[in-house]
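Listed below, chain by chain, are the residues.
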Amino acid sequence: MTIRLDRRQLLSATGLITVSALAGIRPVFAAGKDLTIATSLPSLEFPFFVHMQKQLIAEAQKIGGIKLINMDGENKAPKQTADVEAAITQKVDAIVISPTDVNAMAPALEAAVKAGIPVVTIDRRVAKVEGLLGHVGADNVKGGEAQANAIIADFPNGAKIFHLQGQPGAGPAIDRNKGVHNVLDKVKDKYQIIFEQTANFARDQGLSVTEAGLAGKGTPDVIVCANDDMALGAMEACKARGLKDVKIYGFDALPEALKAVKDGTMRSTIEQFPGEQSRTAMRIAVAFARDGKKPDSAVTLLTPIAITTANFDKAERVGEM
């Protein structure tokens, strides 16, 4: 069973309702035994993961009685594997992790499960490993579809498109690419992807890959990117060439990207609610480590939405601009 929640389901008259409350996990915890929980994110060089880390820390402090071991994967599967192995050796009470590479990290997570350590994944799901306590993330296929549908709405007569893909092997990159193609492949007579290449979720590569596309394929109507860092790099490449009419679509709703949307230099970005993903994952881990309570669903997915100037208030990090 998979739970999918859209933005309306997360709101009430008094504010945000946690996904965990809807999934049957208590949002408030009674005092319980002290826990040591290891967290691991792909790379704290990316603002997206810095935000997730902050939310993990904030939720642990809110719950209380939790010592966190916060680990940075440094965008290297061997480093993240070694960190997980160290957490197993330390016999932590739980691991909350976003894998750098869902395939490369599978053996380490399988070892954690065999050691009896509950594992909750966030953002990136490892489907090959059995026995994981749960996964909390965004439906990235739907996020990619939201990007493509936004392009169609903005260009009803068709468009020439550059597509900057994310890091190969990363679950979100795979799913966002699938979502974009789910929509655009059906109308490829009007919406042509004339240049498509990975830029590894990195801003500098977003710039250099866009420059290569502009040099080889000419000027597109649209540049759609699998994250905001690549989109911001694409913006720099277009600005350097004086290209003001190219519409750029990002993904992650970073504060810098939200500012660009507000200023009109980026057309839209996709909100996937990473803070709520992190907080929910921490609650799932604590509920099981303290009370043996499993989540009602092994997979909880939030439905991403496209943020434009028309619905700016729905962005999770609008207050950080």
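Residues numbered from 1 in each chain as written. Predicted model: local features only at pLDDT ≥ 70, side-chain atom pairs only at ≥ 80, totals over all residues. Heavy atoms only, no water.

To continue, consider helix α9 (residues 255-263). Within α9, the full set of buried residues consists of P255, A257, L258, A260 and V261. Contacts made by the buried residues of α9 are with α8 (228-240), β13 (269-271) and β15 (305-307). Looking at the residues trailing α9, positive phi occurs at G264, about 90°. (Buried < 20%, exposed > 50% of the residue type's maximum accessible area, 1.4 Å probe, protein only. Helix = DSSP H or I, 4+ residues; strand = E, 2+ residues; numbered from the N terminus. Contact = heavy atoms within 4.5 Å.)

If you look at the biggest cluster of nonpolar residues, it comprises 57 residues, and the most contacted ones within it are I37, I122, L164, I223, I248, M266 and M282. The contact partners of L164, leaving out residues within four places of it in the chain, are Q197, A199, G206, V209, T210, I223, V224, C225, A226 and M230. If you look at the next biggest cluster of nonpolar residues, it comprises 21 residues, including I95, A108, V126 and L132. (Core = buried A, V, L, I, M, F, W, Y, C linked by side-chain atoms within 4.5 Å.)

A few words now on the layout of surface pockets. Here the largest pocket is characterised by a volume of approximately 460 Å³. Along its surface, the largest pocket is lined by 19 residues, and M235, I248, G264, T265 and M266 are the ones closest to its centre. A per-element tally of the lining of the largest pocket places α8 first, with 5 residues. Looking at the lining of the largest pocket, its residues break down into 8 nonpolar, 4 polar and 7 charged. (1 Å grid on protein atoms, 1.4 Å probe; cavity = no way out; pocket = protein on both sides within 12 Å on 5 of 7 lines; lining within 4 Å. Points joined across faces, edges and corners; volume = space filled by probe spheres on them. Nonpolar A, V, L, I, M, F, W, Y, C, P; charged D, E, K, R; others polar.)

Once that is clear, we can look at the packing of helix α7 (residues 203-217) against α8. In the contact formed by α7 and α8, the axes pass within 7 Å of each other and the chain directions differ by 50°. Relative to α8, the element α7 lies oblique. With respect to the hand of their crossing, α7 and α8 are arranged in right-handed fashion. Along the contact surface, α7 presents R203, G206, L207, T210, E211 and L214, while α8 presents D229, M230, L232, G233, A234, E236 and A237. (Axes fitted to C-alpha atoms, helices over the stretch in contact; angles between N-to-C directions. Parallel < 35°, antiparallel > 145°, perpendicular 65-115°, else oblique. Left-handed = near helix turned anticlockwise from the far one by under 90°.)

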